[in-house]
Amino acid sequence: MFQPASLKGESPIPIDERLRNRFLILYILIIIISFIPISFIEYIYIIFLWTPGVYFIFFLLLPFNILVILHFLQISAIFTSKMFLIVVNLLHKPVEGIFKRSIKDKDYYYWNLRNIIKKWPLFIAASNPFPWFKNRFALRFFGVKIGKRTICDNCWISSEFVEIGENVIIGMNSALISFGIEQENFIIKNIRVGNNVIIGAKCVVLPGTEIHNDVKLSAHSYTPYNSVLEENKVYLGHPAKEKTKIK
C-alpha cells in the first residue's frame, strides 16, 4: 500500500536517520550564516540606543526590533539555503521517478540533502506570526508554484515538485506530498493542481496526482498515487472517487 513518507512536524520534509548525522555540520553552518546579518543589525541597535538618556527609546522600540529581527532572520535563512541549493542542484539535478530507498542511490541521497538544506528556513518561516509567509513566500522561493488568490496558509506542502493554480482553497491540515515510500522504493512525482480547485480539510494528495480545474475534493479524502481528478467534478473517500450525486 502506497503511503506518505511522513506527516510528522510542521512541514513534511523528513530526513533519513542514516544520513542525519552526516549532514549535521552543514545544517549548523546554514544556521550560523543566517544569523550573521542580524548580528550586525543588533550591534548597531545597541550601540546607538543603549546609551544614557535614550534608554526609554531602546525599550520603546524593542517590540518593533524583535519583529524586524525575526523577519530578517527568516529572509537570511532562505537566501543562505538557496545558495547551498544552487550548488547542490548543479551537482545533481532533482528529477521525478522511482528510486531505491538506499543511501547509495544518488537521487535518494540528494533528496535528503536538499531537505536538510531547506529544513532550517522552513522551520523559521513556520514560526512567523504571519502564516502566509511560509507557503506564499518561502515555498515559492524554493520553486513551488503557487498561483494568485490561492489560500494555503494552514496546510502542508512539499518544498519541491508541486504546482498549484490560481484561486485555489486548501483546507486546514491538508497535505500535498510529492514523495512517498512503497516498500523499498522511494517515489518522487510532481503534483499539479489546476485553477478554482477546493480541497477540504485534512485531505492528503499523494505524488503524481493531477487535479484539473474546478474540482472539489471533500474533507478527509486522499488521492491515490498517480491519480487524475477530472475537471468540474466532486471527489471524496479513501481513496477519492467521483461523487455522482450531490445532495
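Our subject in this report is the structure included herewith.

**Comments concerning the packing of aromatic side chains**
Tallied over the full model, the rule gives 16 aromatic pairs. Consider the rings of Trp50 and Tyr55, whose centres lie 4.8 Å apart with planes at 55°: the pair is tilted. Judged by relative accessible area, which is 42%, Trp50 ranks as partly exposed. Exposure remark for Tyr55: the relative accessible area of 34% places this residue in the partly exposed category. Three or more aromatic residues joined by ring pairs form one cluster here, namely Tyr45, Trp50, Tyr55, Phe58 and Phe59.

**What to know about the environment of Lys93**
Structurally, Lys93 is set in the loop between α4 (62-91) and β2 (97-100). Once the C-alpha coordinates of Lys93 and Phe59 are considered, the two residues, 34 residues apart in sequence, prove to be 49 Å apart.

**Some points on the nonpolar core**
Counting residues in hydrophobic clusters, the biggest one holds 48 residues, and the most contacted among them are Ile164, Leu176 and Ile199. If you list the elements that add at least two residues to this core, you get α2 (24-49), α4, α5 (106-126), α6 (132-141), β5 (162-164) and β10 (191-193). The element that contributes the greatest number of residues to this core is α5, accounting for 8 residues. Excluding residues that lie within four positions of it along the chain, Ile199 makes contacts with Ile169, Ile170, Gly171, Ser174, Leu176, Val205, Ile211 and Leu217. Counting residues in each nonpolar core, the second largest holds 9 residues, with Tyr108, Trp111, Ile177 and Ile188 among its members.

**Considering unusual backbone geometry**
Of note, the bond from His238 into Pro239 is cis; its omega dihedral lies within 30 degrees of zero at 5°. With respect to the secondary-structure elements, Pro239 resides in the loop between β17 (234-236) and β18 (241-242). Non-glycine residue Asn226 carries a positive phi angle of around 60°. Looking at the secondary structure, you find Asn226 in the loop between β15 (222-223) and β16 (228-229).

Rules used throughout
Residues numbered from 1 in each chain as written. Predicted model: local features only at pLDDT ≥ 70, side-chain atom pairs only at ≥ 80, totals over all residues. Heavy atoms only, no water. Phe/Tyr/Trp six-rings, centres within 6.5 Å; stacked < 30°, edge-to-face > 60°. Buried < 20%, exposed > 50% of the residue type's maximum accessible area, 1.4 Å probe, protein only. Helix = DSSP H or I, 4+ residues; strand = E, 2+ residues; numbered from the N terminus. Core = buried A, V, L, I, M, F, W, Y, C linked by side-chain atoms within 4.5 Å. Contact = heavy atoms within 4.5 Å.

Interpretation note: all reported values are geometric properties and have no functional meaning in isolation.
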